[in-house]
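Here is what each chain is made of, one letter per residue.
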Amino acid sequence: NEKKFVGSEHDIRDGFIHLCTSSQVGQIISKYFKAVRDLYLIEFEFQESEIKLKFETSSSEEKYPHFYGPLLFEDVVSSRKIQLN
């Protein structure tokens, strides 16, 4: 019985889970999550499921990772709460 994350309402509507690379975290937090109190940064390591990970160009012409399928909790490498100022 694997635990998995199927995504937010926004992810489900778009058909994939929106992710970002480590270099994109700051801009994503300031654009979408600055009002969120309990925000966690989760790092995944993909193995067999890599085929479901695609880098696609956004409306801002930047490439973002999109994951097509549920994320398995067993693929979590690390997680930490982010303190926003």
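Below or above, wherever it landed, is the structure these notes cover. Note that the structure is a prediction, hence the values are computed from the model and not measured.

1. Some details on the pattern of salt bridges
Item 1. All chains considered together, the criterion is met by 2 salt bridges.
Item 2. Among the salt bridges present, the one from D14 reaches R13, with a minimum N-O distance of 3.5 Å.
Item 3. Accessibility expressed as a relative area gives 31% for D14, which makes it partly exposed.
Item 4. According to the relative accessible area criterion, R13 is exposed, its value standing at 60%.

2. Topic: a nonpolar patch on the surface
Item 1. On the surface, F5, Y40, I42, F73 and V76 cluster together into a nonpolar patch covering about 450 Å² of accessible area.
Item 2. Inspection of the secondary structure puts Y40 in strand β3 (residues 39-44).
Item 3. By relative accessible area, Y40 is classed as partly exposed at 48%.

3. Points about the sheet that holds strand β5 (residues 63-67)
Item 1. What the 3 strands build is an open sheet, ordered β2-β5-β4; its pairing is antiparallel. Whereas interior strands pair on both sides, the edge strands pair on one side only; in this sheet they are β2 (17-18) and β4 (53-57).
Item 2. Bridging between β4 and β5 involves 5 bridges; their strand directions are antiparallel. The residue bridging T57 from the neighbouring strand is K63, located in β5.

4. Some words on the layout of surface pockets
Item 1. Roughly 1,400 Å³ of volume is contained in the largest pocket.
Item 2. Surrounding the largest pocket, 42 residues form its lining, H18, L19, C20, I28 and F33 being those nearest its centre.
Item 3. For the lining of the largest pocket, the secondary structure elements donating two or more residues are α1 (9-14), β2, α2 (25-33), β3, β4, β5 and β7 (76-82).
Item 4. Top contributing element to the lining of the largest pocket by residue count: α2, with 7 residues.
Item 5. Split into classes, the residues belonging to the lining of the largest pocket amount to 25 nonpolar, 12 polar and 5 charged.

5. Side note on the environment of E45
Item 1. Along the chain, E45 falls in the loop between β3 and β4.
Item 2. The exposure class of E45 is partly exposed, given its relative accessible area of 43%.
Item 3. Separated by 35 residues in sequence, E45 and R80 place their C-alpha atoms 15 Å apart.
Item 4. If we ignore the near neighbours within four places in the chain, the residues touching E45 are D75 and V77.

6. Thoughts on the pairing of β5
Item 1. Most of β5 is tucked away: 4 of the 5 residues are buried.
Item 2. Bridge count between β2 and β5: 2 bridges; the pairing is antiparallel. Residue pairing for β5: I17 is matched across the bridge by F67.
Item 3. Hairpin connection from β4 to β5: 5 residues lie between these consecutive antiparallel strands, with E61 at a positive phi of about 70°.

Reading the values: the criteria
Throughout this document, residue positions are counted from 1 along each chain, in the order its sequence is written. For a predicted model such as this one, the threshold for reporting local features is a pLDDT of at least 70, and the threshold for listing and counting side-chain atom pairs is 80 or more; totals across whole chains, interfaces and linings nevertheless cover every residue. Think of the side-chain values as coming from all heavy atoms in the structure, minus any hydrogens and water. Salt bridges, as used here, are contacts in which a Lys or Arg side-chain nitrogen is within 4 Å of a carboxyl oxygen on Asp or Glu. Only protein chains enter the accessibility calculation, which uses a 1.4 Å probe. A residue is then buried if its area is under 20% of the maximum for its type, exposed if over 50%, and partly exposed in between. Without a salt bridge and with relative accessible area above 30%, a residue can belong to a patch; like charges are then joined within 9 Å and nonpolar side chains (Val, Leu, Ile, Met, Phe, Trp, Tyr) within 5 Å. To measure how exposed things are, a 1.4 Å probe is used in the Shrake-Rupley method; for residues, cover is taken only from the protein chains shown. A run of DSSP states H or I qualifies as a helix once it reaches four residues; a run of E qualifies as a strand once it reaches two. Both are numbered from the N-terminal end. In this analysis, strands are considered paired if DSSP registers two or more bridges between them. Here a cavity means grid points, on a 1 Å grid over the protein atoms only, where a 1.4 Å probe fits yet cannot get out; a pocket means an open set of points with protein on both sides within 12 Å along at least five of seven lines; lining residues are those with an atom within 4 Å of a point. Grid points are joined across faces, edges and corners, and a volume is the space filled by probe spheres set on the points. In this count, Pro and Cys sit with the nonpolar residues alongside Ala, Val, Leu, Ile, Met, Phe, Trp and Tyr, while Asp, Glu, Lys and Arg are called charged and the others, Gly among them, polar. Only heavy atoms matter for contacts: two residues are in contact if any of them lie within 4.5 Å across the pair.

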